[in-house]
Amino acid sequence: RKEVEQDPGPFNVPEGATVAFNCTYSNSASQSFFWYRQDCRKEPKLLMSVYSSGNEDGRFTAQLNRASQYISLLIRDSKLSDSATYLCVVNLNNAGNNRKLIWGLGTSLAVNP
Amino acid sequence: DAGVTQSPTHLIKTRGQQVTLRCSPKSGHDTVSWYQQALGQGPQFIFQYYEEEERQRGNFPDRFSGHQFPNYSSELNVNALLLGDSALYLCASRPRYNTDTQYFGPGTRLTVL
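Here goes a summary of the coordinates provided. (Residues numbered from 1 in each chain as written. Chains lettered and ligands numbered in written order. Predicted model: local features only at pLDDT ≥ 70, side-chain atom pairs only at ≥ 80, totals over all residues. Heavy atoms only, no water.)

Looking only at helices and strands, chain B features 0 helices and 11 strands. Put simply, chain B runs from its N terminus to its C terminus through helices and strands in the order β-β-β-β-β-β-β-β-β-β-β. Radius of gyration (C-alpha) of chain B: 13 Å, near the 13 Å computed for a compact globule of 113 residues. Here chain B holds 113 residues, and the buried ones make up 51% of them. Partitioning the contacts of chain B with sequence separation of at least 6, the portion at a separation of at least 24 is 53%. When the accessible area of chain B is evaluated, it comes to approximately 5400 Å², of which 48% is carbon and sulfur surface. (Helix = DSSP H or I, 4+ residues; strand = E, 2+ residues; numbered from the N terminus. Rg over C-alpha atoms; globule rule 2.2 N^0.38 Å. Buried < 20%, exposed > 50% of the residue type's maximum accessible area, 1.4 Å probe, protein only. Contact = heavy atoms within 4.5 Å. Areas by Shrake-Rupley, 256 points an atom, 1.4 Å probe, with all protein chains shown as cover.)

Turning to the interface of chain A and chain B, a few remarks are in order. If you look at the interface, chain A gives 19 residues, while chain B gives 19 residues. Overall, the association of chain A and chain B removes approximately 1500 Å² of surface from exposure, summing both partners, and the carbon and sulfur fraction of that is 49%. Taken together, chain A and chain B are joined by 1 residue pair in polar contact (both at pLDDT 80 or more). Within the residue set of the side of chain A that touches chain B, elements represented by two or more residues are strand S4 (30–38), strand S5 (44–50), strand S9 (84–93) and strand S10 (99–103) of chain A. Of the residues assigned to the side of chain A that touches chain B, the class counts are 8 nonpolar, 6 polar and 5 charged. (Buried area = accessible area lost by both parts, 1.4 Å probe. Polar contact = N/O pair within 3.5 Å; in protein donor to acceptor, adjacent residues only side chain to side chain. Nonpolar A, V, L, I, M, F, W, Y, C, P; charged D, E, K, R; others polar.)

On to the sheet that holds strand S8 (residues 70–75) of chain A, then. The pairing of strands in a sheet comes from backbone hydrogen bonds and takes either a parallel or an antiparallel form. Residue and element names in this part refer to chain A. If you trace the 5 strands from one edge of the open sheet to the other, you get S1-S3-S8-S7-S6, paired in antiparallel fashion. Here the strands that pair on one side only, and so sit at the sheet edges, are strand S1 (4–6) and strand S6 (55–57). Across the sheet, the mean angle from the axis of one strand to that of its neighbour is 15°, orientation sign disregarded. Of the pairings in the sheet, the one linking S6 to strand S7 (residues 60–65) comprises 3 bridges and is antiparallel in character. Residue Glu56 lies in a different strand from S7, and its bridge partner there is Thr61. (Pairing = 2+ DSSP bridges. Axes fitted to C-alpha atoms, helices over the stretch in contact; angles between N-to-C directions.)

What follows is about the sheet that holds strand S1 (residues 5–7) of chain B. Residue and element names in this part refer to chain B. On the basis of which strands lie adjacent, the open sheet formed by 4 strands has the order S1-S3-S8-S7 and antiparallel pairing. Edge positions in the sheet fall to S1 and strand S7 (64–68), since each of these pairs with one other strand and no more. The mean inter-strand angle of the sheet, taken between neighbouring strand axes irrespective of direction, is 20°. Of the pairings in the sheet, the one linking strand S3 (residues 19–24) to strand S8 (residues 74–78) comprises 5 bridges and is antiparallel in character. Bridge assignment links Cys23 to a residue of S8, and that residue is Ser74.

This part is about the pairing of strand S4 (residues 31–37) of chain B. All names here are of chain B. For S4, a buried count of 7 out of 7 residues is recorded, marking the element as mostly surrounded by other parts of the structure. When S4 meets strand S9 (residues 87–94), the two strands line up antiparallel, connected through 7 bridges. Across the sheet, residue Tyr35 finds its bridge partner in S9, namely Leu90. Pairing between S4 and strand S5 (residues 44–50): 5 bridges, direction antiparallel. Looking across to S5, one finds that Val32 is bridged to Tyr49. What sits between S4 and S5 in their antiparallel hairpin is a turn of 6 residues, with Gly40 showing a positive phi close to 80°.

And the structure:
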């Protein structure tokens, strides 16, 4: 089983739709979680951190389910500009207090007019 | 305040050659990580530097080496290039004690022919 798994998609949705992505992780010792957005041929940019209590930033909501070991990202009222690849990242605390970021392969979203 | 910068933006090499990629971290950041991102894949961690030493390393052969300078800038060197080394090479920086948030540079796209 991969350490971090995402459905690669692509997800094709019309403008205004609500779309949700899930990401599962295998190591229960994982400590912090993030969603990054990556546009085609660009670098990843942090979209949001994911907290245990869930967090919301405008049209974006991220949630963490530690018991089932997954995180989710919900995008409401999707815009054309939301078209990108969404990468799930898990921060694992190694021995010696070294942190290790483990990246999923990304989920591709295409929002259509 | 400049963000993370990388040079060159694009590079074409042939098999067997050697390449050096450069990264300047965001102001105030002392920890630099390098990632390899093949097309359609998530970033793969190569190694991390702080205090001018390699601190963590991913599953990459010794052909991949690096260096960090006193001004926190960093180089990634790849020897004996293979076709499979063609990828986007990303540099990310953060302050040493903020392990959660990384800022990425625009990347260097390396093509090995």
